[in-house]
Amino acid sequence: MRNKFYEDESTVPLSNKILIAASILCVIATIVVFIFFNKHQKNKNSNTLNNNGAATSSVSEPTETAKPTPEVVLDVIIPSEKTIGTRFNPPAGYTRVNLIGGSFGEYLRNFSLREHSTKPLSYDSQTKALVSNPSLPAVSVLELDLINKSNLQESSNSLIRLYAEYLYGQNRFQDISFNLLTTPAFKCDFQTWFEGGRLIEEGNTITWCKEHGDHCKHRDVDTGTEYGVFKYYLQNVMIHSNISSLPSNLKTVQLNDLTVGDVIIYADSNIPDIIVDMAEDSNGNKICVLARGGNPACEIYIVRNEKNSDLNPWHDVNNLLVGASFYRFK
């Protein structure tokens with residue numbers, strides 16, 4: 001006896017079977033299309049987010065461009081430096097003038113300075129001693145002790161001291177010679193001095209004493225070129241020198257020929273200056289650093305520019321014209 005189920009199944013028409021199969025295929029196709037479309041939409045959204053992220057990044061993090069190099073502006077005064085040529089930089093737009101190696105100008109530019117906060121020692125006529133003098137217009141002080149502790153090394157003698165020290169350091173002993181304030185002017189040269197010559201004063205006249213004995217006051221005369229002999233020579237030169245005798249040791253120069261080592265004497269002042277450094281701009285305008293001594297005697301110092309603090313301690317050469325004459329050691 002056959003099962004009824006099989007009997008019913010066998011009785012399903014073929015057309016119905018085809019219809020059922022087609023329906024099943026449509027459902028499967030619909031599912032496949034849905035899955036494919038959903039996946040495609042996710043990829044599209046993902047790409048859109050990435051593109052938006054890149055655009056956002058482009059706005060918030062712009063490409064870095066090269067920045068212009070700032071102009072380096074050096075301080076005019078470098079307190080920690082030890083020489084004139086390194087402590088004082090020329091202002092912007094100026095360049096130091098060239099100097100001949102071994103020249104007096106190069107010697108001055110490389111001159112050592114005391115600590116920047118140091119004040120010049122000045123001779124006090126009341127105490128007969130050296131005291132710090134903060135009232136002087138000093139930017140820095142040259143590292144050079146006074147020739148002694150008295151009042152000999154006044155302003156003009158300070159410049160003689162600098163030039164004599166330069167020649168001595170060059171072993172140019174035969175070139176160390178200065179005219180003294182006598183009538184007529186007396187030439188006091190270091191060579192005669194270190195060979196044993198000494199000075200004899202007769203009124204306003206001075207002569208050499210080379211043969212020492214009972215007729216003179218010279219005893220135990222030191223000879224030779226040792227520094228102690230040289231300093232004693234300078235003391236005697238300074239005794240008989242001042243601002244009036246200084247020009248006899250100099251020659252006149254013109255303003256446009258000024259260089260480091262030249263001397264400026266003012267008509268309305270008995271304190272001369274000496275140029276210890278110089279710079280110029282592209283148009284040939286010159287500025288300079290000045291040094292001076294004092295009356296009473298004081299240590300040689302760099303002169304502050306009291307008219308133009310921005311230029312300090314440099315001075316415009318064209319502003320030195322009033323009552324000024326320019327000289328150079330012979």
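Each value, and the rule that gives it
- Residues numbered from 1 in each chain as written.
- Predicted model: local features only at pLDDT ≥ 70, side-chain atom pairs only at ≥ 80, totals over all residues.
- Heavy atoms only, no water.
- Helix = DSSP H or I, 4+ residues; strand = E, 2+ residues; numbered from the N terminus.
- Expected span 1.5 Å × (residues − 1).
- Buried < 20%, exposed > 50% of the residue type's maximum accessible area, 1.4 Å probe, protein only.
- Salt bridge = Lys/Arg side-chain N within 4 Å of Asp/Glu carboxyl O.
- Core = buried A, V, L, I, M, F, W, Y, C linked by side-chain atoms within 4.5 Å.
- Contact = heavy atoms within 4.5 Å.
- Phe/Tyr/Trp six-rings, centres within 6.5 Å; stacked < 30°, edge-to-face > 60°.
- Lys NZ or Arg CZ within 6 Å of the ring centre and 35° of its normal.
- Axes fitted to C-alpha atoms, helices over the stretch in contact; angles between N-to-C directions.
- Parallel < 35°, antiparallel > 145°, perpendicular 65-115°, else oblique.
- Left-handed = near helix turned anticlockwise from the far one by under 90°.
- Nonpolar A, V, L, I, M, F, W, Y, C, P; charged D, E, K, R; others polar.

Caption draft 1: Focus on helix H5 (residues 155-169). Helix length check: H5, at 15 residues, gives a terminal C-alpha distance of 22 Å against a target of 21 Å (1.5 Å per residue), a fit within 8%. The element H5 is extensively covered by neighbouring structure, given that 14 of its 15 residues are classed as buried. Of the residues one or two after H5, asparagine 171 is the one with positive phi, at around 60°.

Caption draft 2: Structural detail: the pattern of salt bridges. Scanning all chains against the criterion turns up 10 salt bridges. Arginine 96 is the salt-bridge partner of aspartate 277, the closest N and O atoms lying 2.7 Å from each other. Here arginine 96 lies in strand S1 (residues 95-96) and aspartate 277 lies in strand S11 (residues 273-280), a separation of 181 residues in the sequence. A salt bridge links aspartate 277 to arginine 109; its shortest N-O distance comes to 2.8 Å. Highlighted residues: aspartate 277 in strand S11 and arginine 109 in helix H4 (residues 104-109), separated in sequence by 168 residues. Grouping residues by exposure puts aspartate 277 and arginine 109 together as buried. Salt bridges sharing partners connect three or more residues here, namely Arg96, Arg109 and Asp277.

Caption draft 3: Structural context of the nonpolar core. Formed by 73 residues in total, the largest nonpolar core has its most connected members in Phe190, Tyr233 and Ile302. By residue number, the principal contributor to this core is H5, which donates 8 residues. Apart from residues no more than four positions distant in its own chain, tyrosine 233 is found in contact with Ile176, Ser177, Phe178, Cys188, Asp189, Phe190 and Trp193.

Caption draft 4: Summary view of unusual backbone geometry. A cis amide bond links asparagine 295 with the next residue in sequence, proline 296, at an omega value of 0°. Examined against the element boundaries, proline 296 turns out to sit in the loop between strand S12 (286-292) and strand S13 (301-303). The peptide bond linking asparagine 312 to proline 313 adopts the cis configuration, its omega dihedral lying at 5°. Take proline 313: it is sitting in the loop between S13 and strand S14 (314-316). Look at asparagine 171: it is not a glycine, yet its phi comes out positive at around 60°.

Caption draft 5: Structural context of the packing of aromatic side chains. If you walk through the whole model with that rule in mind, you get 21 aromatic pairs. Relative to phenylalanine 194, the ring of phenylalanine 190 has its centre 5.2 Å away and its plane inclined at 70°; by these criteria the two rings are edge-to-face. With a gap of 4 residues between them, phenylalanine 190 and phenylalanine 194 both fall in helix H6 (residues 190-194), about one helical turn apart. Here phenylalanine 190 falls in the buried class, since its relative accessible area comes to 0%. On the basis of relative accessibility, which here comes to 16%, the residue phenylalanine 194 falls in the buried class. Here the aromatic rings of tryptophan 193 and tyrosine 232 are separated by 5.5 Å at their centres, their planes lie at 70°, and the arrangement is edge-to-face. Taken together, the positions of tryptophan 193 in helix H6 and tyrosine 232 in helix H7 (residues 227-239) put the pair 39 residues apart, joining distant regions of the chain. Among the residues examined, tyrosine 232 registers a relative accessible area of 44% and is labelled partly exposed. Put simply, the rings of Tyr168, Phe173, Phe190, Trp193, Phe194, Tyr227, Phe230, Tyr232 and Tyr233 touch in pairs and so form one group of aromatic residues. Here the guanidinium or amino end of arginine 198 rests over the ring plane of tryptophan 193, the centre of that ring lying 4.1 Å away.

Caption draft 6: Summary view of the environment of leucine 99. Its location among the elements puts leucine 99 in the loop between S1 and H4. Put simply, leucine 99 and valine 260 are 161 residues apart on the chain and 8.0 Å apart in space, counted from C-alpha to C-alpha. Ignoring sequence-local partners within four residues, the contact set of leucine 99 consists of Gly105, Glu106, Arg109, Thr259 and Val260.

Caption draft 7: Just H7, in detail. Taking 1.5 Å of rise per residue, 13 residues should cover 18 Å, and H7 covers 19 Å from first to last C-alpha, within 8% of that figure. Those residues of H7 that fall on the buried side of the exposure criterion are Val229, Phe230, Tyr233, Leu234, Asn236, Val237 and Met238. Of the surrounding elements, those touching the buried residues of H7 are H5, strand S5 (177-180), strand S6 (186-189), H6 and strand S7 (198-202).

Caption draft 8: Molecular detail of the packing of H5 against H7. Two elements in contact, H5 and H7, have axes whose closest approach is 11 Å; the angle formed by their N-to-C orientations is 150°. By the angle between their axes, H5 is roughly antiparallel relative to H7. Our pair here, H5 against H7, has a crossing hand that is right-handed. Across the interface between the two elements, Asn157, Ile160, Arg161, Ala164, Glu165 and Tyr168 from H5 touch Tyr227, Phe230, Leu234, Val237 and Met238 from H7. Counted by class, the contact of H5 with H7 contains 8 nonpolar, 1 polar and 2 charged residues.

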